[in-house]
There are 4 protein chains.
Amino acid sequence: MSYSLGPNQYGKAEVRMVTVTRSGSTHSMQDLTVSTSLRGALEATHLTGDNSDVVATDTQKNTVYAFAKEEPVGEIEDFALRLGRHFVDSFGQITGARVMIDSHPWDRINGHAFSRGSSEVRTTAVTVSGDRHWVVSGLRDLVVLKTTGSEFHGFPRDKYTTLPETTDRILATAVTARWRYQGSGVSWTSSFTSIRSLLVETFASKHSLSLQQTLHAMGAAVVEAHPEVAEIRLSMPNKHHFVVDLSPFGLENDNEVFYAADRPYGLIEGSVIRDDAEDPGDAWYTLPAF
Amino acid sequence: MSYSLGPNQYGKAEVRMVTVTRSGSTHSMQDLTVSTSLRGALEATHLTGDNSDVVATDTQKNTVYAFAKEEPVGEIEDFALRLGRHFVDSFGQITGARVMIDSHPWDRINGHAFSRGSSEVRTTAVTVSGDRHWVVSGLRDLVVLKTTGSEFHGFPRDKYTTLPETTDRILATAVTARWRYQGSGVSWTSSFTSIRSLLVETFASKHSLSLQQTLHAMGAAVVEAHPEVAEIRLSMPNKHHFVVDLSPFGLENDNEVFYAADRPYGLIEGSVIRDDAEDPGDAWYTLPAF
Amino acid sequence: MSYSLGPNQYGKAEVRMVTVTRSGSTHSMQDLTVSTSLRGALEATHLTGDNSDVVATDTQKNTVYAFAKEEPVGEIEDFALRLGRHFVDSFGQITGARVMIDSHPWDRINGHAFSRGSSEVRTTAVTVSGDRHWVVSGLRDLVVLKTTGSEFHGFPRDKYTTLPETTDRILATAVTARWRYQGSGVSWTSSFTSIRSLLVETFASKHSLSLQQTLHAMGAAVVEAHPEVAEIRLSMPNKHHFVVDLSPFGLENDNEVFYAADRPYGLIEGSVIRDDAEDPGDAWYTLPAF
Amino acid sequence: MSYSLGPNQYGKAEVRMVTVTRSGSTHSMQDLTVSTSLRGALEATHLTGDNSDVVATDTQKNTVYAFAKEEPVGEIEDFALRLGRHFVDSFGQITGARVMIDSHPWDRINGHAFSRGSSEVRTTAVTVSGDRHWVVSGLRDLVVLKTTGSEFHGFPRDKYTTLPETTDRILATAVTARWRYQGSGVSWTSSFTSIRSLLVETFASKHSLSLQQTLHAMGAAVVEAHPEVAEIRLSMPNKHHFVVDLSPFGLENDNEVFYAADRPYGLIEGSVIRDDAEDPGDAWYTLPAF
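The structure presented is a predicted model; accordingly, all values stated were derived computationally and were not measured.

### Considerations on the overall build of chain A
Moving on, step 1. The secondary structure content of chain A amounts to 5 helices and 13 strands.
Moving on, step 2. Dimensions of chain A, computed from C-alpha atoms along their principal axes, come out at roughly 75 × 70 × 40 Å.
Moving on, step 3. Counting all 290 residues of chain A, 61% fall into the buried class.
Moving on, step 4. Taking the intrachain contacts of chain A between residues at least 6 apart in sequence as the baseline, contacts between residues at least 24 apart amount to 66%.
Moving on, step 5. With an accessible surface of roughly 10000 Å², chain A has 49% of that area assigned to carbon and sulfur atoms.
Moving on, step 6. Each charge sign in chain A was given a centre, from 26 positive and 36 negative side chains, and these centres are 4 Å apart.

### Let's talk about the domain arrangement of chain A
Interfaces are often sized by the accessible area lost when the parts come together.
Residues and elements named next belong to chain A.
Moving on, step 1. As assigned here, chain A comprises domain 1 (9-130) and domain 2 (131-279).
Moving on, step 2. Put simply, the middle of domain 1 and the middle of domain 2, counted by C-alpha atoms, are 29 Å apart.
Moving on, step 3. Taken together, the contacts link 19 residues of domain 1 with 17 residues of domain 2.
Moving on, step 4. For the pair domain 1 and domain 2, the two sides together bury roughly 1600 Å², of which 42% comes from carbon and sulfur.
Moving on, step 5. A per-residue breakdown of the area domain 1 buries against domain 2 is headed by Glu-120, Arg-122 and Thr-123, which together make up 33% of the total.
Moving on, step 6. The interface formed by domain 1 and domain 2 holds 2 salt bridges in total.
Moving on, step 7. The partner of Glu-120 in a salt bridge is Arg-196, with the nearest N and O atoms 2.6 Å apart.
Moving on, step 8. Viewed at the interface, domain 2 and domain 1 are joined by 14 residue pairs in polar contact (both at pLDDT 80 or more).
Moving on, step 9. Mapped by element, the contributors of at least two residues to the side of domain 1 that touches domain 2 are helix 3 (76-90), strand 4 (94-103) and strand 7 (121-129).
Moving on, step 10. Here the element with the most residues in the side of domain 1 that touches domain 2 is strand 7; it accounts for 9 residues.
Moving on, step 11. Residues that form the side of domain 1 that touches domain 2 fall into these classes: 5 nonpolar, 6 polar and 8 charged.

### A few points about the packing of helix 4 (residues 188-205) of chain A against helix 5 (residues 211-225) of chain A
Residues and elements named next belong to chain A.
Moving on, step 1. Closest axis-to-axis distance for the helix 4/helix 5 pair is 9 Å, and the angle between their directions is 145 degrees. The interaxial crossing formed by helix 4 with helix 5 has right-handed handedness. Where helix 4 abuts helix 5, its residues Ile-195, Leu-198, Leu-199, Thr-202 and Phe-203 lie against Thr-214, Ala-217, Met-218, Ala-221, Val-222 and Ala-225.
Moving on, step 2. Within the contact of helix 4 with helix 5, the residues separate by chemical class into 9 nonpolar, 2 polar and no charged.

### So, the relation of the copies chain C and chain B
Moving on, step 1. Each copy superposes on the other: chain C lies on chain B with an RMSD of 0.0 Å after a rotation of 180 degrees and an axial shift of 0.0 Å. Taken together, the rotation and translation relating the two chain copies correspond to the operation of a two-fold axis.
Moving on, step 2. A share of 100% of the interface residues of chain C reappears at the interface of chain B, consistent with the copies meeting face to face through the same patch.

### Describing the interface of chain C and chain B
Moving on, step 1. Every contact between the two is made by 83 residues of chain C and, on the other side, 84 residues of chain B.
Moving on, step 2. Both faces considered, chain C and chain B share a buried interface measuring about 7400 Å² in area, 55% of it formed by carbon and sulfur atoms.
Moving on, step 3. Here chain C is connected to chain B by 4 salt bridges.
Moving on, step 4. Note that Glu14(B) is salt-bridged to Arg263(C), the shortest N-O span being 2.9 Å.
Moving on, step 5. For the pair chain C and chain B, the number of links is 43 residue pairs in polar contact (both at pLDDT 80 or more).
Moving on, step 6. Per-element accounting of the side of chain C that touches chain B gives the leading share, 10 residues, to strand 13 (residues 265-274) of chain C.
Moving on, step 7. A class-by-class count of the residues in the side of chain C that touches chain B yields 34 nonpolar, 32 polar and 17 charged.

### Side note on the side chain of Ser118(C)
Moving on, step 1. Within the secondary structure, Ser118(C) sits in the loop between strand 6 (113-116) and strand 7 (121-129).
Moving on, step 2. In terms of polar contacts, Ser118(C) uses its side chain to reach the backbone amide nitrogen of Glu120(C), at 3.0 Å.
Moving on, step 3. Not counting residues up to four positions away in its chain, the partners in contact with Ser118(C) are Pro105(C), Arg116(D), Gly117(D) and Ser118(D).

### A few points about the pairing of strand 3 (residues 26-40) of chain D
Residue and element names in this part refer to chain D.
Moving on, step 1. Within strand 3, 11 of the 15 residues are buried, which leaves it mostly tucked inside the rest of the structure.
Moving on, step 2. Relative to strand 3, strand 2 (residues 9-23) runs antiparallel, the two being bridged by 12 bridges. Each residue of the ladder has a partner; that of Arg-16, found in strand 3, is Thr-33.
Moving on, step 3. Remark: 2 residues form the turn of the hairpin made by strand 2 and strand 3, two consecutive strands paired antiparallel; Gly-24 in that turn has positive phi of roughly 65 degrees.

### Side note on the pattern of salt bridges
Side chains carrying opposite charge are able to pair once their charged atoms draw close together.
Moving on, step 1. A full pass over the atoms with the stated rule returns 55 salt bridges over all chains.
Moving on, step 2. Salt-bridge contacts for Lys61(B) lead to Asp58(B); the nearest nitrogen and oxygen are separated by 3.1 Å. Of this pair, Lys61(B) and Asp58(B) both sit in helix 2 (residues 57-70), 3 residues apart, roughly one helical turn.
Moving on, step 3. What makes Asp58(B) buried here is its relative accessible area of 10%.
Moving on, step 4. A salt bridge links Arg263(D) to Asp262(B); the shortest N-O distance between them is 2.9 Å. On the criterion of chain membership, the pair formed by Arg263(D) in the loop between strand 12 (257-260) and strand 13 (265-274) and Asp262(B) in the loop between strand 12 (257-260) and strand 13 (265-274) is interchain, its members lying in two chains.
Moving on, step 5. A relative accessible area of 26% means that Asp262(B) is categorised as partly exposed.
Moving on, step 6. Overlapping salt bridges, with partners in common, bring together Glu14(A), Asp262(B) and Arg263(D) in one network.

### Focus on unusual backbone geometry
Moving on, step 1. With omega at -10 degrees, the peptide bond leading from Arg263(A) into Pro264(A) counts as cis.
Moving on, step 2. Positive phi is not limited to glycine here, since Glu14(B) has a value of about 60 degrees.
Moving on, step 3. In this fold, Glu14(B) is placed in strand 2 (residues 9-23).
Moving on, step 4. When its relative accessible area of 24% is taken as the criterion, Glu14(B) is described as partly exposed.
Moving on, step 5. Positive phi is not limited to glycine here, since Asp141(C) has a value of about 65 degrees.
Moving on, step 6. As for its position among the elements, Asp141(C) is in strand 8 (residues 132-146).

### What to know about the packing of aromatic side chains
Moving on, step 1. In the structure shown here, the tally under the stated rule is 20 aromatic pairs over all chains.
Moving on, step 2. Each ring, one from Tyr181(A) and one from Trp188(A), has its centre 5.0 Å from the other, and the planes form 70 degrees; the classification is edge-to-face. Residues Tyr181(A) and Trp188(A) agree in their burial class; the two are buried.
Moving on, step 3. Relative to Phe192(C), the ring of Trp179(C) lies with its centre 6.1 Å away and its plane at 35 degrees, an arrangement referred to as tilted. Remark: Phe192(C) occurs in helix 4 (residues 188-205) and Trp179(C) occurs in strand 9 (residues 171-181); sequence separation between them is 13 residues. Phe192(C) carries the same exposure label as Trp179(C), and that label is buried.

### Section: the pairing of strand 13 of chain B
Moving on, step 1. Buried residues dominate strand 13 of chain B, accounting for 8 of its 10 residues.
Moving on, step 2. Both strand 13 of chain B and strand 2 (residues 9-23) of chain C contribute to a ladder of 5 bridges, which runs antiparallel. Residue pairing in the sheet places Ile268(B) in a bridge with Tyr10(C) of strand 2 of chain C.
Moving on, step 3. Where strand 13 of chain B meets strand 1 (residues 3-5) of chain C, 3 bridges bridge the pair, whose relative direction is antiparallel. Residue pairing across strands places Arg274(B) opposite Tyr3(C), the latter belonging to strand 1 of chain C.

### Brief notes about the nonpolar core
Moving on, step 1. One finds Trp179(A), Leu199(A), Trp179(D) and Leu199(D) to be the most contacted residues of the largest nonpolar core, which totals 134 residues.
Moving on, step 2. The residues contacting Trp179(A), other than those within four sequence positions of it, are Val135(A), Val136(A), Ser137(A), Gly138(A), Leu139(A), Phe192(A), Ile195(A), Leu199(A), Val229(A), Glu231(A) and Ile232(A).
Moving on, step 3. Judged by nonpolar contacts, the second largest core, of 133 residues, contains Val244(A), Val73(B), Val128(C) and Leu171(C).

### A look at the interface of chain A and chain C
Moving on, step 1. At the interface, 9 residues of chain A touch 9 residues of chain C.
Moving on, step 2. Counting across the chain A and chain C interface gives 2 salt bridges.
Moving on, step 3. Run the count over chain A and chain C and you get 4 residue pairs in polar contact (both at pLDDT 80 or more).
Moving on, step 4. Each residue belonging to the side of chain A that touches chain C can be placed in one class, and the counts come to 5 nonpolar, 1 polar and 3 charged.

### Some details on helix 5 (residues 211-225) of chain D
Moving on, step 1. With 15 residues, helix 5 of chain D extends 21 Å between its outermost C-alpha atoms, agreeing within 8% with the 21 Å of an ideal straight helix rising 1.5 Å per residue.
Moving on, step 2. Where burial is concerned, most of helix 5 of chain D is hidden: 13 out of the 15 residues are buried.

### Concerning the environment of Ala172(B)
Residues and elements named next belong to chain B.
Moving on, step 1. Mapped onto the secondary structure, Ala-172 falls in strand 9 (residues 171-181).
Moving on, step 2. The class of Ala-172 is buried, set by a relative accessible area of 2%.
Moving on, step 3. With 158 residues separating them in the primary sequence, Ala-172 and Glu-14 have C-alpha atoms 29 Å apart.
Moving on, step 4. With residues up to four places along the chain from it excluded, the contact list for Ala-172 reads Val-144, Leu-145, Pro-237, Asn-238, Lys-239 and His-241.

So, how was this worked out
Residues numbered from 1 in each chain as written. Chains lettered and ligands numbered in written order. Predicted model: local features only at pLDDT ≥ 70, side-chain atom pairs only at ≥ 80, totals over all residues. Heavy atoms only, no water. Helix = DSSP H or I, 4+ residues; strand = E, 2+ residues; numbered from the N terminus. Buried < 20%, exposed > 50% of the residue type's maximum accessible area, 1.4 Å probe, protein only. Contact = heavy atoms within 4.5 Å. Areas by Shrake-Rupley, 256 points an atom, 1.4 Å probe, with all protein chains shown as cover. Lys, Arg positive; Asp, Glu negative; His and termini not counted. Charge placed at Lys NZ, Arg CZ, Asp CG, Glu CD. Domains from an automatic or database assignment. Buried area = accessible area lost by both parts, 1.4 Å probe. Salt bridge = Lys/Arg side-chain N within 4 Å of Asp/Glu carboxyl O. Polar contact = N/O pair within 3.5 Å; in protein donor to acceptor, adjacent residues only side chain to side chain. Nonpolar A, V, L, I, M, F, W, Y, C, P; charged D, E, K, R; others polar. Axes fitted to C-alpha atoms, helices over the stretch in contact; angles between N-to-C directions. Left-handed = near helix turned anticlockwise from the far one by under 90°. Least-squares fit on C-alpha atoms with pLDDT ≥ 70 in both. Pairing = 2+ DSSP bridges. Phe/Tyr/Trp six-rings, centres within 6.5 Å; stacked < 30°, edge-to-face > 60°. Core = buried A, V, L, I, M, F, W, Y, C linked by side-chain atoms within 4.5 Å. Expected span 1.5 Å × (residues − 1).

Here it is, written out as structure tokens:
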């Protein structure tokens, strides 16, 4: 009986970093959560505990902070690329790096004070493998709701089906979107801002016969308008809002009073891929050990 | 040896309710979390399990939903007052009610679509005792940060003190504020909006020598400008942002790169009371069993 | 128009500390979360930012760690008392201290390895005021469930009541208990262990006609058996388990399949007080600013 | 410019279900969280909102509850297989199903009362594709700590390295393990119990030169002893416990007092694969849209 070391990676997760930039009395800030992970020729530490190839996770953390000072952080995609490239180029045994950054939004109050915006997060996940790299950017916890313009009917009815059909319901979700970039010269923030707007506007304006249809329309709108996007993946929980039955109290409830449920929830996941998309390579690299 | 039933209350916590109001094609929504609790002559159920005086918590929940239909919800303070008054007036054994409502913010996208705003919550806690009532409104999770204009020095140094003095630090907090109203005829939303602005503006503009000073200035600004506020209580964690020591890497860190720590955190709690404030009565009624 | 500084306190919250004690090759560990808060003559920092009386929260944190080394931590009540007494005795302006400690359970695997036990937490909250002190100990997140032996009926039915009566239901809760000690010479851990057993056994064995009755029986059992307990307060959410309606599928559900709901939940709070209990003094000192 | 619908799935997430089985006055309970997701020929709903092939997520939920009554739930792997097989066999358009179940532990108090065990969760993720199926079982949040027997040194030092080498440190982690079964006739619970013990014992007893070495030893122990396991994947955060620097207070800290940090944390992920393992097929099927 014999066995081998399988896929593996290691790194430092959730380095919380706030940076401040000053332009006269006007300050700017970035609030980031950075996670790095490395892979490569790491058999020694697994098999014998020989750590001569293990770039310590503490060193990875230090590198994040030092890089933020050595050069302005700039856009999160560029910062992630610099970090990933550094690890792969600086250490022969490290053949791949994955750098994930969450950017947390703040609204300006005055020149040096800010209030926290929504819990929505802008994300990027950069993979560097050898001399190649891929950028997957996105957002998380974009919570949207529409009070009408959503139907759900025509679904099959088996012996376990009790759900009534509806031609008017609340549709609410917390969008997680991740899109894979292709080509070069992308203006990251400009692209992000436009994609986010398309997602929000399509959700809001597209009449919905199913959350799947809404999801697909959102993804398609992005791929149509953004040639730099090879592919977009969306995960959208159906945050159920049930019409409360008020008939025992002699009251009609014409879609006015809803119970917002926690669990269970529907979970709709889908993707839209450009037909001539570049090969994904390692863009979606993960170790699915949840 | 003998003992007695001490203070007690019971109710339904965290009733999640979304209501939709339509004016032509323009919809409005309210997203509320309502908790009710009742007290009174409840010895029987405690001592013998005789429930003839126990207004079921399920009934309390139903009442919340039904009331939202019977009359427009309106301002959360008024809705809480109607609920509390109903329980006390409808059931002889119920001598007091406490109704707490969280209102979750949404931003309008179009006539019928909304995106979730920040995680900040507007709150009210209404106490009804017999024929009297009190309103304590507030907010929670108002997260604010200033990148300068904050100092901390001059504190005593004992053998356990290592903290360096600073004349320039990041100050960040998540404000919980609760203010007790007095008098009558208060315009709840208008008062809330103005108080929230004062809290934000004072945090942002007041030069800070300690978080205590900032807290007090925020509270004082509210009491000065709002005669309808008898008292305000503030709880403000000091969300530490530590300057990362980059000197091992030959880098200076002139308040540019910070580590945002989770725990521990400072916790500053304080209050400002109008000298001629009305008696608080049961306004702050709680059972501190955390 | 004039106003004053009202009740206030400040401190360091959630100092995470693990201590290890070695007896030969057998190690023991304690996993604590310590929060300290101080009050006293603190007008200066609030009004002018003069911090000469402000024992820095960083100093409070250092003191926690140093005290854990200077003398064995021992029982959490004793450790909290030493800390609280230190702050009040060492600083003239500090007239009161509150020290709260959570103790997280671990199970032993071998002489030096441990696995995390349940999420239940043993707690203490010590208040020192001048030369007096009070100890309130307890537990949190003791999650218990009984599959039978629980009824709920005989409650009043008004126009908003739809809940059916039941003579057999699941009863589940997450107990928070806090009991106030009186007298002296209490053996903390021994008392805690016995009280916890009484709470668990009473919940399990007492036939329940209401969660209030169960709560009261649990509290009464503790007060009866423990003369060192002046008073006990209990907060017990009713974690609803609803019988799933399987009749649409032609199936009977004889209390076999349940939906465990998240929200809303009932919340029952009550207390049992010894008739000749010592005066509570500042034992329950809190600033209710939630 | 053209594009296509890419990988997609949908289902009901986090169906909370408690089941009770009676054997005389002795009751048994299972506390499960079940998530189902389906895939197949689902273009219509995405492209046009035609839902004639969409087995409603509400129907999926109903099926979970009904199945729990129609036949005893039994082992979670078998229950998941029955559910997955049902969806794929009952609906022509559904070509694949994934059923994930978390089982939450309870300890028995008496014949019908239970207390919640640790927060550790037993898991299974079953994939059914056409007439094939795969079972990946595991556990999550197995929190373990050793107070000695862990070193970390010999790692490379670059300009960003400041971490001192250590020959004695606390090692703590929250193990997520998932193992893929092969062959047939597996006794699920017996296999789980033995694998869990191996993981715990190896963590506890194996002298550690790196968390990677510990992880690999844990995985290897499982693969060596369990021919029914084709592969095991482990994700183990390094929950840092830092020795508190007490030297400013004139105190030595000989690995006695530690600060348990929240973030950042190391994250070590790895796997051990049997050399003659069966092909994984769709066992690890996921849509990595996190």
